[in-house]
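Residue-level structure breakdown
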Amino acid sequence: MELRKLLGVPHRRYNPLTREWILISPHRTQRPWQGQLETTPSPSSSAYDPNCYLCPGNERAGGSRNPPYSTTLVFDNDFAALRLDVEYGTVNENNQGILVAAGESGTCRVICFSPRHDLTLSSMTVDGICKVVEVWIDQFRELGDHSSINYVQIFENRGEMMGCSNPHPHGQIWASESVPNEPRKEQDSLADYRRRSGRCLICDYIRVEAASEERIVCQNEHFVVVVPFWASWPFEVLVLCKKHRRDICDLDDGESFALADILKRVTTRYDNLFQVPFPYSMGFHQRPTDGDEHLEWHFHGHFFPPLLRSASVRKFMVGYELLASPQRDITPETAAERLRNCSEHCSS
Ligand SMILES: [Zn+2]
Ligand SMILES: [Zn+2]
Ligand SMILES: [Zn+2]
């Protein structure tokens, strides 16, 4: 059976990173939309907001005050979901494997990308984003060296639709004792693939995408952005390092600059897709910091944006998605084509 013949009819696609399936129903894009319409976010206009807890010099909710920083700022989250002082221990009530729990220690930090309240990754300069990449590298190294931290999750939630109420450009790092679910699934798949083939799953996937170019959105010397063959969110992309690097600390100077460049390009394309500051959750997956070598890991970034048809129509992961499996209407190939046709010129 040829892949091409499947593309016009409902079909399933396999995600080799999570080893889960997703349902694609290309014909459903015709259906009329009677669902919820979101309000279109407007970009913040002032470089400084006296009421913002991330702007330089302002007081935070926890009572501490931000220094007058001029590039980036890192601080421990005032209301952290993880603490480093939690005592280790697993509980398995009656040895039944039903009521199982474990203490989890870790730490949560906030990173302000810029002192400017009105910027986004897409409107920052590549040099400005390079400073953020440097912070991510330093933080990964520092937190990863901690004996009770085995995974460092770097991420950004952007836009109210993703639950982020503060437009000030910032991201988070949650570093934990255990490897969380999503990287754990990828860990197992990458390790299995390497055991079976002796090669890296993501290096092989990059070769597959480079051969067809159908799902490639953009690229530079060291990174390529694709709408993955198995994407669940409408305009989901993967940011892939072309060389085999296990983590962000493995990047050389040219590669970290290229990462900053590709992040600016992909977020600018997003903003230009529906002419709004594009909401998304993004983050990086990389090797666990548990002391093992993890040659199977290949550093990459994910962007999960919720918008579907316009600035005001979002994709909901409900019903079938919650109970059965993720489903999408537009094909990943169409999504890639639409993102490819967006300008990389920042309009603001
Ligand atoms: Zn601010
Ligand atoms: Zn690789
Ligand atoms: Zn991943």
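The structure reproduced in this document is the subject of the present report.

Basis of the calculations
Residues numbered from 1 in each chain as written. Chains lettered and ligands numbered in written order. Predicted model: local features only at pLDDT ≥ 70, side-chain atom pairs only at ≥ 80, totals over all residues. Heavy atoms only, no water. Donors = N, O, S within 2.8 Å, 3.2 Å for Na, K, Ca; no water. Helix = DSSP H or I, 4+ residues; strand = E, 2+ residues; numbered from the N terminus. Tetrahedral: all angles 85-135°; square planar, octahedral: opposite > 155°, others 65-115°. Salt bridge = Lys/Arg side-chain N within 4 Å of Asp/Glu carboxyl O. Buried < 20%, exposed > 50% of the residue type's maximum accessible area, 1.4 Å probe, protein only. Patch = residues over 30% accessible without salt bridge, like charges linked within 9 Å, V, L, I, M, F, W, Y side chains within 5 Å. Areas by Shrake-Rupley, 256 points an atom, 1.4 Å probe, with all protein chains shown as cover. Lys, Arg positive; Asp, Glu negative; His and termini not counted. Charge placed at Lys NZ, Arg CZ, Asp CG, Glu CD. Axes fitted to C-alpha atoms, helices over the stretch in contact; angles between N-to-C directions. Parallel < 35°, antiparallel > 145°, perpendicular 65-115°, else oblique. Left-handed = near helix turned anticlockwise from the far one by under 90°. Contact = heavy atoms within 4.5 Å. Nonpolar A, V, L, I, M, F, W, Y, C, P; charged D, E, K, R; others polar. Expected span 1.5 Å × (residues − 1). Pairing = 2+ DSSP bridges. Polar contact = N/O pair within 3.5 Å; in protein donor to acceptor, adjacent residues only side chain to side chain.

This brings us to the coordination of the zinc ion (ligand 3). Within the protein, the atoms that donate to the zinc ion (ligand 3) are Glu186 (OE), Glu186 (OE), His285 (ND1), His300 (NE2) and His302 (NE2), at distances of 2.0 to 2.3 Å. Counting the intervening residues between successive donors of the zinc ion (ligand 3) yields the motif E-x98-H-x14-H-x1-H. One end of the pair, Glu186, is in helix α3 (residues 181-197); the other, His300, is in strand β13 (residues 300-304), and 114 residues separate them in sequence.

We now examine the coordination of the zinc ion (ligand 1). Protein coordination at the zinc ion (ligand 1): the donors are Cys52 (SG), Cys55 (SG), His117 (ND1) and His168 (ND1), at 2.0 to 2.3 Å from the metal. Taken together, the four donor atoms coordinating the zinc ion (ligand 1) span angles of 105 to 115 degrees at the metal, a pattern that classifies the geometry as tetrahedral. Linear spacing of the donor residues for the zinc ion (ligand 1) on their chain is C-x2-C-x61-H-x50-H. In this pair, Cys55 is assigned in the loop between β2 (20-24) and β3 (73-76) and His168 in the loop between β7 (151-158) and β8 (170-176), connecting sequence segments 113 residues apart.

We now examine the pattern of salt bridges. One pass over the full model with this rule turns up 23 salt bridges. One salt bridge connects Arg109 with Asp76, and the closest N-O pair in it is separated by 3.0 Å. In this pair, Arg109 is assigned in strand β6 (residues 106-112) and Asp76 in strand β3, connecting sequence segments 33 residues apart. Using a relative accessible area of 14% as the deciding quantity, one classes Arg109 as buried. A relative accessible area of 44% means that Asp76 is categorised as partly exposed. The shortest N-O distance in the salt bridge between Arg245 and Glu255 comes to 2.9 Å. One end of the pair, Arg245, is in the loop between β11 (237-241) and α5 (253-274); the other, Glu255, is in helix α5, and ten residues separate them in sequence. The pair Arg245 / Glu255 is uniform in exposure class, with both members buried.

Turning our eyes to something else, we now look at a negative patch on the surface. A surface patch of like charges, here negative, comprises Glu134, Asp138, Asp252 and Asp253. Among the structural elements, Asp253 can be located in helix α5. We classify Asp253 as exposed; its relative accessible area is 69%.

A word on the packing of helix α2 (residues 126-145) against α5. Where α2 meets α5, the closest approach of the two axes is 8 Å, and the angle between their N-to-C directions is 120 degrees. Put simply, α2 runs oblique to α5. Seen along the crossing, α2 lies across α5 with a hand that is right-handed. Across the interface between the two elements, Val126, Asp127, Ile129, Cys130, Val133, Trp136 and Ile137 of α2 pack against Ser256, Phe257, Leu259, Ala260, Asp261, Leu263 and Lys264 of α5. Its residues placed into classes, the contact of α2 with α5 shows ten nonpolar, one polar and three charged.

Mapped onto the elements, Arg158 comes out in strand β7. The side chain of Arg158 sits in the buried core without any salt bridge; Glu156 is the nearest counter-charge, 4.4 Å away. Beyond its immediate stretch of four places on either side in the chain, Arg158 contacts Thr120, Cys164, Pro167, Phe278, Pro279 and Tyr280.

Right, let's get into α2. Taking 1.5 Å of rise per residue, 20 residues should cover 28 Å, and α2 covers 28 Å from first to last C-alpha, within 8% of that figure. Val126, Ile129, Cys130, Val132, Val133, Val135, Trp136, Ile137, Gln139, Phe140, Leu143 and Gly144 are the residues of α2 that are buried. Considering only its buried residues, α2 is in contact with β3, β6, β7, β8, α5 and β12 (280-285).

With that settled, the discussion passes to unusual backbone geometry. Its identity is not glycine, yet Arg19 carries a phi of approximately 55 degrees, on the positive side. When you line up the elements, Arg19 lands in the loop between β1 (11-15) and β2. A relative accessible area of 35% means that Arg19 is categorised as partly exposed. Positive phi is not limited to glycine here, since Glu213 has a value of about 65 degrees. Note that Glu213 resides in the loop between α4 (201-212) and β9 (216-219).

Moving on, we come to the sheet that holds β2. Pairing between sheet strands relies on hydrogen bonds along the backbone, with the strands arranged either parallel or antiparallel. Strand order in the open sheet formed by three strands is β1-β2-β16, and the pairing between neighbours is mixed. Every other strand in the sheet has two partners, leaving β1 and β16 (327-328) as the edge strands with one partner each. Alignment of β1 against β2, held across five bridges, turns out to be antiparallel. Bridging across to β2, Arg12 finds its partner in Leu23.

Further remarks concern the side chain of Glu296. Inspection of the secondary structure assignment puts Glu296 in the loop between β12 and β13. No salt bridge forms around the buried Glu296; measuring N to O, its nearest opposite-charge neighbour Arg194 is 5.3 Å away. One polar contact links Glu296 to Gln187, side chain to side chain, over a distance of 2.8 Å. In this structure the side chain of Glu296 is engaged in a polar contact, spanning 2.8 Å, whose partner is the side chain of His294.

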